[in-house]
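# Summary of the model geometry
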Amino acid sequence: MKILVVEDETKTGDYLKQGLTEAGFVVDLARDGFDGMQLALSEEYALIVLDVMLPELSGWRVLQSIREAGKEMPVLFLTARDQIEDRVKGLELGADDYLVKPFAFAELLARVRTLLRRGSKVTEADRICVADLELDLRRRRVTRAGQRIDLTAKEFSLLELLLRRRGEVLPRSLIASQVWDMNFDSDTNVIEVAMRRLRAKIDDAFPVKLIRTIRGMGYVLEQPEGEP
Amino acid sequence: MILRSLTLRLTLLFALASTVVLLGLGYVIAEAIDRHFVEQDMEVLDGKMELARNALSRVHSPVELAALPALLDESLVGHHGLAVIVIGPEGKKLFESGDAMFPVSVLNLHDDRKPVEWGEGMHRFRGIAGEAATGIVDAPPAIVGVATEVEHHESFMSSFRFTLWLFVIGAALVMGLLGWVATYRALTPLRAIKQGAASVTASKLSYRLSLEAIPAELADLAQTLNDMLARLEESFRRLSDFSSDLAHELRTPISNLMTQTQVSLSKARSTDEYQDILSSNSEELERMARMVSDMLFLAKADNGLMTTSTEPVTLNDEVQSLFEFYEALADASAVTLVAQGQATVNADRLMLRRALSNLLSNALRHAEPGSAVRVMMETQEHAVRIILENTGTGIAPEHLPRLFDRFYRVDASRQRSSEGAGLGLAITHSIIRAHSGSISASSAEGITRFTVLLPLPQQV
């Protein structure tokens, strides 16, 4: 999938390109608003990551031109100022999501994936499986290697989130927001303790560990490489 | 043109006012003198008219009529400036003295109560004319005209007017000068205020205008200026505190990051080691990013830029959500979470949740294993009271007043451990304040208690 990154800050642009490329996307990088608009209008992109403070042509103008040209791809904008007016303006102009700098790369990646998923209608499965772990969404039951595991409601939600987004590194802030509706920087210790308890139930008794901690980034649930 | 100078304006106003008043007064006096002159003249003229009538009434024959001039001449001796004319019944001029040229219109007036003035140049007369019956039977009445010169009155009046004008001009000048002096003196306190204001700089914001030397009319202004200075000083202090706090708090993590990165670059290391260092750096950086965003939140709140969108919030629901969030952490240290009572407040849900979350997190951190953290909610007459209570080591009294300060940590040695940046309670404080509420802390016998008061929505 092709993503356009419009970012004038050299280092940020380079790292965004590298990070997104390594996450499996094809990335074009534009260094100013004018190039960004040209690329956005001439090429087909699945998503645009747009910095609003740009030389030549502001991000707002770029966004406006894209929408006026009838292009409907999701746009995630980056802003350095955490002002409500900025956010409202962006969303009014047709952006789909925003991040305030500085942001965690894992957070950006998670948002990008969410936006890309939004378009494609996923058929609601009743069951999600990874390796020998099975989540029955309808009956809200979890089994691993055929063994029934008892989880609290929140533990179930946490596991469901990890399974739905398996293979993605989920930052703690995203987990707090999605599972507990804590939409602010809260005590991240809480997530660690909750994760520890979930792992005790899911992983501890089994030789193959599914949940991994990515230091400095967050958590990921995936089938370890080399396993069937 | 608008006069910008207050002194000039007041000076002109003083001069103008004195001129108007004095001119008015002068006019009244001149009128009175003039009237007095007329009365004086009338007295003389009436007398002479009476004399002429008397003489005429005693004339009984044309012969006697012919002798009249001699009679009149005699009785008018010594009356300088007086003119008399008598016109007989046949229209013949019987007698004329003085050099007054009686106009015909005056003689035909027949009204001896109405003085008329005439003449030209230096010779001006005031006179009356009337009919006078003679003693001759069946003869029509004669006409008598009496006039007196009024030049001396005129010259008196003109010299009076000249003096008056001189006086008015002089008075206007003096009043203007006095006005200027008075205004200048009255404005002295303003110049003092100006000088004071000019001496205020960023480093000297503590200056206040002294209210004693300032007149009552300006005291209000001075007080307002002082209040403004106080507000500016407070905001400025906050701003510089904010900058220095931020610089101070960022110095340690930045120095850690720098040292760690430079040491690890000093020689080649294994991939695992690099990964370890980068992860540690990332954690540190995330902490810094969080601190900066918290600081910005506080700065916004301090400057009244925080926008709250209030809605009715059922406190119990919020507390239950928070309990679910902190459940795992509480379980880990065998602390039980207890909620008592119920209440509904008008608040910004997200902010209130954040405020309570910080309090709960703080309570859990200091709770003794095996104890309980209680949240008690109660609706009072004017406010909703929320009490958060935990049992633990307690907080020494000297720390209580500073508990809500930014970066304040009770235990200095625990600077950078699980306690975070030390902004949690400050943020809670700001949020409660943005909701017009209050928060206080108390600690006794190992029980630490935070009391939040939120105003009830106004009943309409």
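See the structure printed just above.
From a predicted model like this one, the values you see are computed outputs, not experimental measurements.

### Observations regarding the overall build of chain B
Helix and strand counts for chain B stand at 10 helices and 12 strands. Expressed as a percentage of the 460 residues in chain B, the buried residues total 26%. For chain B, the share of sequence-separated contacts (at least 6 apart) that also reach a separation of at least 24 residues comes to 66%.

### Here we look at helix H7 (residues 271–302) of chain B
Each full turn of the α-helix corresponds to 3.6 residues, which orients residues three or four apart in the same direction. All names here are of chain B. Its 32 residues give H7 an end-to-end C-alpha distance of 46 Å, which sits within 8% of 46 Å, the value for a rise of 1.5 Å per residue. Those residues of H7 not exposed but buried are Glu286, Met291, Asp294, Met295, Phe297 and Leu298. Turning to H7, the residues buried within the fold contact helix H6 (216–265) and helix H10 (424–434).

### Things to note about H6 of chain B
Between its terminal C-alpha atoms H6 of chain B stretches 72 Å, which fits the 74 Å expected from 50 residues at 1.5 Å a residue. The largest bend in H6 of chain B is about 30°, located at Arg251 of chain B, with the proline Pro253 of chain B one to four residues further on.

### Topic: the interface of chain A and chain B
Facing the 21 residues of chain A at the interface are 23 residues of chain B. Sort the elements by how many residues they give to the side of chain A that touches chain B and helix H8 (residues 188–202) of chain A lands first, with 5 residues. Partitioned by chemical class, the residues of the side of chain A that touches chain B number 10 nonpolar, 4 polar and 7 charged.

### Some words on unusual backbone geometry
Note the cis peptide between Lys101 of chain A and Pro102 of chain A, where omega equals -5°. Looking at the element boundaries, Pro102 of chain A is found in the loop between strand S5 (97–100) and helix H5 (105–119). In the Ramachandran plot, Ala131 of chain A falls in the positive-phi region, its phi being about 50° despite a non-glycine side chain. Mapped onto the fold, Ala131 of chain A is located in the loop between strand S6 (127–130) and strand S7 (133–136). Judged by local crowding, Ala131 of chain A falls into the partly exposed class, with 17 C-beta atoms found within 10 Å. Positive phi outside glycine occurs at Ala334 of chain B, with the angle close to 55°. Accessibility expressed as a C-beta count within 10 Å gives 11 for Ala334 of chain B, which makes it exposed.

### Here we look at the sheet that holds strand S8 (residues 141–144) of chain A
Residues and elements named next belong to chain A. Taken together, the 4 strands give an open sheet; going across it, the order is S6-S7-S8-S9, and neighbouring strands pair in antiparallel fashion. Two strands lie at the open edges of the sheet, namely S6 and strand S9 (147–149), each paired on one side alone. Direction aside, the axes of adjacent strands within the sheet are offset by 25° on average. Sheet analysis places S8 next to S9, joined by 3 bridges and oriented antiparallel. If you follow Arg144 over to S9, its bridge partner there is Gln147.

### With respect to the nonpolar core
One finds Val5, Ile48 and Leu50 of chain A together with Tyr326 and Leu364 of chain B to be the most contacted residues of the largest nonpolar core, which totals 100 residues. Residues Val84, Ile85, Phe102 and Val150 of chain B belong to the second largest nonpolar core, which totals 27 residues.

Analysis parameters
Residues numbered from 1 in each chain as written. Chains lettered and ligands numbered in written order. Predicted model: local features only at pLDDT ≥ 70, side-chain atom pairs only at ≥ 80, totals over all residues. Helix = DSSP H or I, 4+ residues; strand = E, 2+ residues; numbered from the N terminus. Buried ≥ 20, exposed ≤ 12 C-beta atoms within 10 Å, placed from the backbone. Contact = placed C-beta atoms within 7 Å. Expected span 1.5 Å × (residues − 1). Bend = angle between axes of the 7 residues up to and from the residue. Nonpolar A, V, L, I, M, F, W, Y, C, P; charged D, E, K, R; others polar. Pairing = 2+ DSSP bridges. Axes fitted to C-alpha atoms, helices over the stretch in contact; angles between N-to-C directions. Core = buried A, V, L, I, M, F, W, Y, C linked by C-beta atoms within 7 Å.

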